[in-house]
Amino acid sequence: MACFGRDGKGGRKAGTGCFERASPALKEILLKLYRAGKPMEVDHHLYEFGSVEYHIKSSASDPQIIYLSISMPLLFQGTVKSDGIPQHTIQRVKNISPEVVEIMNPTKEGYQLTLQLNFAHIPRGKGGIKVITEIATVQSVILSSQLKEILRNFSLQEVSQGTYKPIKLVYHPREPFFIIRQPHKITAVFPMRFREPSDVIIATSFFQELMDVGSSDAWAKAPPCTWSPIPPPELRGEPIEDLSTNGGFVSFDIFSHHVDDKRLENTVWNLLNFYAYVKSHVKCTRGYIQRRMRRRLDDLVKVLHETKLDEDDQAEKAPGCGCTVELVRFSRLKMLRRRYNDFNRKIKRSRCRIRIHGFSHFNRRWFPIPKFSCARYAKLE
């Protein structure tokens, strides 16, 4: 997930994309405070993919207490309760590190969750780095908890009545996806949108290959994948802006063995990061193609350069009288013009009538041309 930071003075810091559960920028700042040899005054804002905002605040008077506030859109508004984040999600956040993490109530204004981190209870060494890494996964814990609750507590009443109303999940404002509960499976549908036409071509090829690989025996246990340029029938009635795509629709069929206790965590995380994975694949493929094109261009330039060096070595001395004769050096324009003329003559020669030996004799014998006598006129005196 791509992220960038902004300090209290308004400066921004770029981040790199990743598929880790821990936020790399948040982990970096917490480790910096953890390893600081002297008290530090910190008032830092971080912004990550998915409209996620972190606020880290530390006072030099009490450097062991760090306040971490989080603001993020919920996947599904139906999971929102009066207190904001559901209680089961808050409990999962507490379980990250009960001795270090404490939920503040009320939260900081403008944020959905505020954590008080007591660095005095974090052990030194590798154990402390592990605890900070787990704290940096708070955003993924909240998102995963919401999606798990949706998959587990789907409205069974609608299924029994035969109506499969899709649930729209918004991980990023421009990249929503849908979850559809059916009698024997759950279908996740991802509308794919790309800015560049070349990205559409690369992604379409990737989706078709994903379908072929998923249908093989080696990946029989994986969720079946299908791609279609048009919306699936289950999405009829959804807003037109959600169904307007240029990359089609990718669907995954999730069965009961994909959401058991052992595989539920990986299934949820893969669904949340499918958009990021596709974008990473398209970006890497585009970079590979560009590198191949540059390498091919360098080879062609090298050949042209060697040809120019051969033309520059055409000055020679004529034997005999001792006079020096310098061969005529043609400029590149003249050389190209000569090659064009030679090529043009070859084309004209190929368009001429093909001559067959003995055909003229055959033509005169079987297809004689009649001779017409010309009338002679007498000269008038």
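I will try to describe carefully the structure that is included in this document.

The rules behind the values
Residues numbered from 1 in each chain as written. Predicted model: local features only at pLDDT ≥ 70, side-chain atom pairs only at ≥ 80, totals over all residues. Heavy atoms only, no water. Core = buried A, V, L, I, M, F, W, Y, C linked by side-chain atoms within 4.5 Å. Buried < 20%, exposed > 50% of the residue type's maximum accessible area, 1.4 Å probe, protein only. Contact = heavy atoms within 4.5 Å. Axes fitted to C-alpha atoms, helices over the stretch in contact; angles between N-to-C directions. Helix = DSSP H or I, 4+ residues; strand = E, 2+ residues; numbered from the N terminus. Parallel < 35°, antiparallel > 145°, perpendicular 65-115°, else oblique. Nonpolar A, V, L, I, M, F, W, Y, C, P; charged D, E, K, R; others polar. Pairing = 2+ DSSP bridges. Expected span 1.5 Å × (residues − 1).

**Digging into the nonpolar core**
Thinking step 1. Counting 70 residues, the largest nonpolar core has Leu117 and Phe207 as the members making the most contacts within it.
Thinking step 2. Sequence-distant contacts of Phe207, that is, excluding residues within four places in its chain, are made with Met192, Phe194, Trp227, Gly247, Val250, Phe274 and Val278.
Thinking step 3. By size, the runner-up hydrophobic cluster in this structure holds six residues, among which are Phe178, Val189, Leu243 and Phe249.

**Section: the packing of helix H4 (residues 138–152) against helix H8 (residues 264–272)**
Thinking step 1. Close contact between H4 and H8 brings their axes to 10 Å; oriented N to C, the two are set at 110°. As far as their axial angle goes, H8 and H4 are roughly perpendicular. From H4, Ser140, Leu143, Ser144, Leu147, Lys148, Leu151 and Arg152 reach across to H8, where they touch Leu264, Glu265, Val268, Trp269, Leu271 and Leu272.
Thinking step 2. Among the residues forming the contact of H4 with H8, the class breakdown is eight nonpolar, two polar and three charged.

**Re the sheet that holds strand E12 (residues 249–254)**
Thinking step 1. Spatially, five strands are ordered E8-E9-E10-E12-E11 in an open sheet, and the strand pairing comes out antiparallel. The open sheet is flanked by strand E8 (167–172) and strand E11 (225–228), the only strands paired with a single partner. On average, each strand axis in the sheet is inclined to that of its neighbour by 25°, with strand direction left out of account.
Thinking step 2. Bridging between strand E9 (residues 175–181) and strand E10 (residues 186–191) involves four bridges; their strand directions are antiparallel. Residue Arg181 lies in a different strand from E10, and its bridge partner there is Ile186.
Thinking step 3. Packing of helix H6 (residues 197–214) onto the sheet brings it into contact with E11 and E12, and relative to E11 it is tilted by some 145°.

**With respect to H4**
Thinking step 1. Between its terminal C-alpha atoms H4 stretches 21 Å, which fits the 21 Å expected from 15 residues at 1.5 Å a residue.
Thinking step 2. Counting buried residues in H4 gives 13 out of 15 residues, a clear majority hidden from the surface.

**Overview of unusual backbone geometry**
Thinking step 1. Across the junction of Asn105 and Pro106, the peptide omega takes the value 5°, indicating a cis bond.
Thinking step 2. Following the sequence through the fold, Pro106 ends up in the loop between strand E6 (101–103) and strand E7 (113–118).

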